[in-house]
Amino acid sequence: GDGCGHTLLTPHSGTLSSKNYPGTYPNHTTCRWRLRTPPGTFLLLTFGDVDLEPSERCARSSLLLTDPQAGISYGKGETEGLQMG
C-alpha cells in the first residue's frame, strides 16, 4: 500500500517500516506485506517499535497478522474474507 516505508528483505531476515518512520505516518494510509516461508519452516516476527494512534475500537490505527492457510488472525483489522476457525 501507499503507507509502506523502508523495506529490506533477505532470505533470512529483514526490516519493515511504515512511511515516514521514525516520524508519524500520514493519515489514511495502508501498508501490507505478504511474507512467506518454505514448507516446514517458520517465521519469527520481532517488533522493535510499535506506536499506534489511540482510538476507540482501533478505528484509526491497527495491526493485523494473519495466517490464511491456518485460518488464524491476531490483532485488529480487515480480514478480507479470512475464515476464522
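Source: prediction; values computed, not measured.

1. Description of the overall build of the chain
For step 1, the next point in the chain: Of the regular secondary structure elements, the chain holds 0 helices and 4 strands.
For step 2, the next point in the chain: Going from N to C terminus, the chain has its helices and strands arranged as β-β-β-β.
For step 3, the next point in the chain: Counting only residues that meet the buried cut, the chain has 6% of its 85 residues in that class.
For step 4, the next point in the chain: For the chain, the computed accessible surface area is about 7500 Å², with 52% contributed by carbon and sulfur atoms.

2. Let's talk about the side chain of S17
For step 1, the next point in the chain: Considering the arrangement of structural elements, one finds S17 in strand 2 (residues 14-18).
For step 2, the next point in the chain: Among the residues examined, S17 registers a relative accessible area of 11% and is labelled buried.
For step 3, the next point in the chain: Apart from the residues within four sequence positions on either side, S17 is in contact with C4, G5, H6 and W33.

3. With respect to the pairing of strand 4 (residues 72-75)
For step 1, the next point in the chain: Relative to strand 4, strand 3 (residues 64-67) is paired through 4 bridges, and the arrangement is antiparallel. Residue pairing across strands places T66 opposite S73, the latter belonging to strand 4.

4. Observations concerning the confidence of the model for the chain
For step 1, the next point in the chain: Per-residue confidence for the chain gives a mean pLDDT of 80, with 88% of residues at or over 70.
For step 2, the next point in the chain: Low confidence marks residues 79-85, where pLDDT is under 50. Its contacts with residues over four positions away, or in another chain, come to 14 contacts.

5. Examining the pairing of strand 1 (residues 4-9)
For step 1, the next point in the chain: Relative to strand 2, strand 1 runs antiparallel, the two sharing 4 bridges. Residue pairing for strand 2: T7 is matched across the bridge by L16.
For step 2, the next point in the chain: Counting the residues that bridge the hairpin from strand 1 to strand 2 gives 4 residues.

6. Some thoughts on the state of the cysteines
For step 1, the next point in the chain: Scanning the entire structure with this criterion turns up 1 disulfide.
For step 2, the next point in the chain: Sulfur-sulfur distance for the disulfide between C4 and C31 comes to 1.9 Å. Measuring the twist about the S-S bond at about 110°, one finds the C4-C31 disulfide to be right-handed. Within this pair, whereas C4 is found in strand 1, its partner C31 is found in the loop between strand 2 and strand 3, the two being separated by 27 residues in sequence.
For step 3, the next point in the chain: Residue classification places C31 among the partly exposed positions, given a relative accessible area of 26%.

About the thresholds
- Residues numbered from 1 in each chain as written.
- Predicted model: local features only at pLDDT ≥ 70, side-chain atom pairs only at ≥ 80, totals over all residues.
- Heavy atoms only, no water.
- Helix = DSSP H or I, 4+ residues; strand = E, 2+ residues; numbered from the N terminus.
- Buried < 20%, exposed > 50% of the residue type's maximum accessible area, 1.4 Å probe, protein only.
- Areas by Shrake-Rupley, 256 points an atom, 1.4 Å probe, with all protein chains shown as cover.
- Contact = heavy atoms within 4.5 Å.
- Pairing = 2+ DSSP bridges.
- pLDDT = per-residue confidence, 0-100.
- Disulfide = S-S within 2.5 Å.

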